[in-house]
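A structural walkthrough
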Amino acid sequence: MRWGVVRFPGSLDDSDALWALGHVMGQEARALWHKDEDLGDVQCVVLPGGFSYGDYLRCGAIARFAPIMKSVVRFADAGGLVLGICNGFQILCEAHLLPGALMRNRSLSFICEQVHVRVENAATPFTCAARQGEVLRLPIKHGEGLYVAPEDELRTMEERGQILLRYTDDSGRECDEANLNGSTCAIAGVANETFNVFGLMPHPEHAVETALGGEDGLKIFRSIAMSVEGKRTGASTAGISSTTA
Amino acid sequence: MLVKVFVSPRKGILDPQGRAVAQSLKSLGFDGVGRVNIGRYIVLELDTSDAEQARTIVRRMCDQLLTNPNIEDYTFEIAAARDESPEDQSR
């Protein structure tokens, strides 16, 4: 399938995302420039990690108004798949493509660690290659990853299954020590109401080769590829997704 | 026209910076400190002399870019260029 990775001034993980998709997964992946409005014929847009526009004012607040974001919003509104990683997640929240916001970590420190996240809903285009409840090991590296959303919104998101990833320990148990940034309800990744936009703080693109500490990140990219290629061949997404563990 | 915008964490929303500073103040011996909130102070120069127009513009700026309504509240003051006393403009 065809992927586009947006390059903003200050993006850092665009090259790693292109490497993960193109070199490791053998997919067709190209960079998209923030000043362009044309997404071409990509089937999934990735907003990578980094510090777009210096993260001035608030993380993602300025990137949201980049020319390419108009097209990304249109693409998402039409059902296109959008994945936001770290700073990309922050941009998607600022652009109102995802609910909630990301604030300074509870510790106020920048955190760079391997963490564990539990797959809370494996019946989505972003998680269908994982098992329900499966624990993935992924790195985080951020100063502002504390997820917040209004309480009533959180309840609705929970009911709809929009919370896709939660921080847990390596056995999948929720505990305060595993929630390094102090996110509300230990939320690590959320989808929109229509499950075509997904944002997460951990970095799947940094976990695609065992030499680099693990390849659990591939599960996220493979899910997307499976759901797009499954659609093309007429197979239903439900048929591909593995059900309960 | 000079406009001063005060952005603060929305009430009821976690304020990690405020909480950390409150704890630090306590550890320094300032016992009488309750809640601490840390926000942002933005000074804008607008080339209009019409206060009503300025208010409208600043509200639009706050809603679109200067604040995130999910997590932040704002108030602003308009100080007319001709040394008039600033008036308080709560949202």
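For the structure, see preceding data.
Overview of the structure.

About the criteria used
- Residues numbered from 1 in each chain as written.
- Chains lettered and ligands numbered in written order.
- Predicted model: local features only at pLDDT ≥ 70, side-chain atom pairs only at ≥ 80, totals over all residues.
- Helix = DSSP H or I, 4+ residues; strand = E, 2+ residues; numbered from the N terminus.
- Buried ≥ 20, exposed ≤ 12 C-beta atoms within 10 Å, placed from the backbone.
- Contact = placed C-beta atoms within 7 Å.
- Core = buried A, V, L, I, M, F, W, Y, C linked by C-beta atoms within 7 Å.
- Pairing = 2+ DSSP bridges.
- Axes fitted to C-alpha atoms, helices over the stretch in contact; angles between N-to-C directions.

When you go through chain B residue by residue, the secondary structure sums to two helices and four strands. Along chain B, from the amino end to the carboxyl end, the secondary structure elements read β-α-β-α-β-β. When burial is assessed residue by residue, chain B has 18% of its 91 residues classed as buried. The contacts in chain B between residues at least 6 apart in sequence include a share of 62% that link residues at least 24 apart.

A word on the interface of chain A and chain B. The partner chain B presents nine residues to the 13 residues of chain A that form the contact. Listed by contribution, the elements that provide at least two residues to the side of chain A that touches chain B are β5 (101-103) and β8 (146-148) of chain A.

So, about helix α3 (residues 87-94) of chain A. Residues and elements named next belong to chain A. Of all eight residues in α3, eight are buried; the element is thus mostly enclosed. Burial in α3 covers these residues: Asn87, Gly88, Phe89, Gln90, Ile91, Leu92, Cys93 and Glu94. Buried residues belonging to α3 abut β3 (44-47), β4 (81-85), β5 and β11 (197-200). Just downstream of α3 lies histidine 96, where phi reads positive at about 65 degrees.

Here the focus is the environment of Arg30(A). Residues and elements named next belong to chain A. Tracing the backbone shows arginine 30 in strand β2 (residues 28-33). The class of arginine 30 is partly exposed, set by 13 C-beta atoms lying within 10 Å. Separated by 29 residues in the primary sequence, arginine 30 and methionine 1 place their C-alpha atoms 11 Å from one another.

With that settled, consider unusual backbone geometry. All names here are of chain A. Even without being glycine, leucine 57 reaches a positive phi, approximately 70 degrees. Structurally, leucine 57 can be placed in the loop between β3 and α2 (67-77). Assessed through the 17 C-beta atoms surrounding it within 10 Å, leucine 57 is described here as partly exposed. Phi at phenylalanine 195 is positive, roughly 55 degrees, even though this residue is not glycine.

Attention now moves to the nonpolar core. In this structure, Val45(A), Val46(A), Val82(A), Leu83(A) and Leu92(A) are the most contacted members of the largest nonpolar core, which totals 82 residues. If near-sequence neighbours (up to four positions away) are discounted, Leu83(A) is found in contact with Cys44(A), Val46(A), Phe126(A), Phe198(A) and Ile224(A).

Residue and element names in this part refer to chain A. One open sheet accounts for nine strands, arranged β2-β1-β3-β4-β11-β10-β9-β6-β7; its pairing is mixed. The outermost strands of the open sheet, each flanked by one partner alone, are β2 and β7 (135-142). In this sheet, adjacent strand axes meet at a mean angle of 25 degrees when their direction is disregarded. In this structure, strand β1 (residues 2-7) lies alongside β3, joined through three bridges in parallel fashion. Paired with tryptophan 3 across the strands is cysteine 44, a residue of β3. Each of β1, β2, β3, β4 and β11 is contacted by α2, which is oriented at about 125 degrees to β4, the strand it contacts most. Sheet strands touched by α3: β3, β4 and β11. Its angle to β4, the strand with the most contacts, is close to 120 degrees.

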